[in-house]
Amino acid sequence: MASEKPIVVVTCTAPVNIAVVKYCEWWAREAQDLGALRTGKLRLGGACLGGGPGPRPAADGLGPRVDVVVGGKRDEELILPINSSLSVTLHQDQLKTTTTAAISRDFTEDRIWLNGREEDMGHPRLQACLREIRRLARKRRSDGHEDPLPLSLSYKVHVASENNFPTAAGLASSAAGYACLAYTLARVYGVDSDLSEVARRGSGSACRSLYGGFVEWQMGERPDGKDSVARQVAPESHWPELRVLILVVSAERKPMGSTAGMQTSVETSALLKFRAEALVPPRMAEMTRCIRERNFQAFGQLTMKDSNQFHATCLDTFPPISYLSDTSRRIIQLVHRFNAHHGQTKAGVAYTFDAGPNAVVFTLDDTVAEFVAAVRHSFPPESNGDKFLKGLPVEPVLLSDELKAALGMDPVPGSIRYIIATQSSGALGSEESEPRSSRSAAMGQIEWAMWANEQALASGLILITGGIVATAGQFTQWYLGAYSIAAGVLVCLLEYPRGKRSKGSTMERCGQKYLTRVVKLFGPLTRNYYIRAFLHLGLAVPAGFLLATILGTACLAIASGIYLLAAIRGEQWSPIEPKPKERPQIGGTIKQPPSNPPPRPPAEARKKPSEEAAGVPTGGPQENPMPVNDEVV
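Residues numbered from 1 in each chain as written. Predicted model: local features only at pLDDT ≥ 70, side-chain atom pairs only at ≥ 80, totals over all residues. Heavy atoms only, no water.

(A) How the structure looks around unusual backbone geometry. Residues F318 and P319 are joined by a peptide bond in cis, for which omega reads -5°. Relative to the elements of secondary structure, P319 occurs in the loop between helix 7 (296-316) and helix 8 (326-342). Unusually for a residue other than glycine, Q474 sits at a positive phi of about 50°. Inspection of the secondary structure assignment puts Q474 in the loop between helix 11 (448-472) and helix 12 (478-495). (Helix = DSSP H or I, 4+ residues; strand = E, 2+ residues; numbered from the N terminus.)

(B) View of the pairing of strand 9 (residues 156-163). Where strand 6 (residues 96-104) and strand 9 come together, 8 bridges link them in antiparallel fashion. Paired with S104 across the strands is K156, a residue of strand 9. (Pairing = 2+ DSSP bridges.)

(C) Spatial organisation of the pattern of salt bridges. Following the criterion strictly, the structure yields 16 salt bridges and no others. Of the charged contacts, one joins E197 and R201 as a salt bridge, the two residues approaching to 3.1 Å between their closest N and O atoms. Residue E197 and its partner R201 are both found in helix 4 (residues 196-202); the two are separated by 4 residues, about one turn of the helix. Look at R201 and you get buried, because its relative accessible area is 8%. (Salt bridge = Lys/Arg side-chain N within 4 Å of Asp/Glu carboxyl O. Buried < 20%, exposed > 50% of the residue type's maximum accessible area, 1.4 Å probe, protein only.)

(D) Spotlight on the sheet that holds strand 11 (residues 230-234). Taken together, 4 strands build an open sheet; the order of strands is 2-5-10-11 and the sheet is antiparallel. At either end of the open sheet lies a strand with only one pairing partner, and these are strand 2 (17-21) and strand 11. Within the sheet, the average angular offset between the axes of one strand and its neighbour, ignoring direction, is 35°. In this structure, strand 5 (residues 85-89) lies alongside strand 10 (residues 214-217), joined through 4 bridges in antiparallel fashion. Looking across to strand 10, one finds that V88 is bridged to F214. (Axes fitted to C-alpha atoms, helices over the stretch in contact; angles between N-to-C directions.)

(E) How the structure looks around the side chain of S328. Within the element layout of this structure, S328 appears in helix 8. S328 sits in the buried class, given a relative accessible area of 0%.

(F) Region of the structure containing a nonpolar patch on the surface. Together, Y530, F534, L537, V541, F545, L564 and I568 make up an exposed nonpolar region whose accessible area comes to about 710 Å². When residues of the nonpolar patch are traced back to their parent elements, those giving at least two are helix 15 (529-543) and helix 16 (550-568). Of all the elements, helix 15 adds the most residues to the nonpolar patch, at 4 residues. Here Y530 shows up in helix 15. (Patch = residues over 30% accessible without salt bridge, like charges linked within 9 Å, V, L, I, M, F, W, Y side chains within 5 Å. Areas by Shrake-Rupley, 256 points an atom, 1.4 Å probe, with all protein chains shown as cover.)

(G) How the structure looks around the sheet that holds strand 15 (residues 389-391). Sheet architecture is open: 5 strands sit in the order 13-14-12-16-15, paired in mixed fashion. The sheet is open, and its two borders are formed by strand 13 (350-352) and strand 15, each paired with just one other strand. Strand-to-strand twist across the sheet, computed as the mean angle between neighbouring axes with direction ignored, equals 25°. In this structure, strand 12 (residues 242-248) lies alongside strand 16 (residues 418-423), joined through 6 bridges in antiparallel fashion. The residue bridging V248 from the neighbouring strand is Y418, located in strand 16. The sheet contacts of helix 9 (residues 368-378) involve strand 12, strand 14 (359-364), strand 15 and strand 16, and relative to strand 12 the element is tilted by about 15°. (Contact = heavy atoms within 4.5 Å.)

Structure representation (structure tokens):
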């Protein structure tokens, strides 16, 4: 029997996802509930049929849920949506959840900490995730698979989770949290199956945070919800120009939870059911098309309309629910006036609001700087001007007088606390603090473009070397050597700037930022790996007819094949963005103020001598020992 380790610790990170087509959840305790809803035997917006209890609030998460018992044996809870949804996964450098899970025979109970504060591990949704992970781990063992962790499933687990962004403030913190929890527990218990259903049991939209780029959560048709899973519509590299701005109006917890508040919508809003059945399906198809075509104007309009409709559903509830503040409505006004000023000359900007006052603004990289300047003009920071913009660097620009006049808004200082600039990115990441006993942690997907880049750059150098030999040696077909030199130089110029990896950090080559600007100018001609694959193959063929350059031809052909594989896997070249320079904070090196008073001299030394003894005159004017004059220097 393999020896058991006393403790195993795994740390994982998960990104935030922002819905551009929002959803409504259905909390079903029986599989028959969903079937009854879809066949019309069970209805939203009124009393529940079947003699069971009426709606009740659920746990944290976005969207309303209903708890209905139609009859029969009670089953585990199913968190199922009544419509599909689509989201954009944000970069973990700016917004992420970090979760560490430890399992040990020395632990006496399951425990969890959130942002340094211990929470109730008996929460139904936490228990649902943990119970499902342990069930999958038992199933894996019973199926005879090699167990990566020879630890007893009865061992207790300790979990610590932390967000680097406002929690419970309408920024999908529960989705990132439960996705990270499911992924971390899966690594601890050696589960390698699809985690959509596990994450969904914590927070419905958590299944979308398991993937990067653009992700759809499919409603599914099966009553047991097995087909209600997330799938990637497009990778993060599909739209590298897309940028996201988080306008943080309030970092405080919402006074009314999104689930508890929206539960009333299920009972009273007629718009909710109409939206799910008649409006969302065609909108999903249209949004998917806009993303695949990178049509920002259509994407932005659909995003704003869906956000407005979501909050219209809240207002259609009785009593009405309002998550937007006065500042939120001023941001909406700012976006529409900014777009109206530019018309068709720029792609513009688009807003969306989840269940909170904080705005998420989508735009393209060539519009970010001007819109940030517009936000600064309309919502100037009061005292934190140097910390008002966080995340990706944004070059400061001056607003034109025409745009200022078009905005026509009186400045409201301090209404926006700060802005987080980010972009779309990849999915979850993990690192093992303690190595596993029989198998290392699962590695991420290979990024083939990284290998193709190194291969192509080396091939270009080999072509140049072979071409110089053929030309200088006056080979019979020396002109092919001259061609090889030119082709090698072209390949090296194109391949010298490394592309940004979707996961992890990327080391820049010395001085590549200058060539990166040139490569960006050619747009899809240089970013699309299909084009690179066929370009390299075409450049390699003529050099193959000369002995001195045939090695370079073979190497470049191999690079072409690797690029083709990268393109098939959805990879695409994207530039490495410079990291923002952080200003050192005054007093940042002071870890803790002194706790003890400074030493004092003895009591005898603290006694003041009498004025007479000290030779100080007791009265009258005193003479200044330093000469004083009235010259001004």
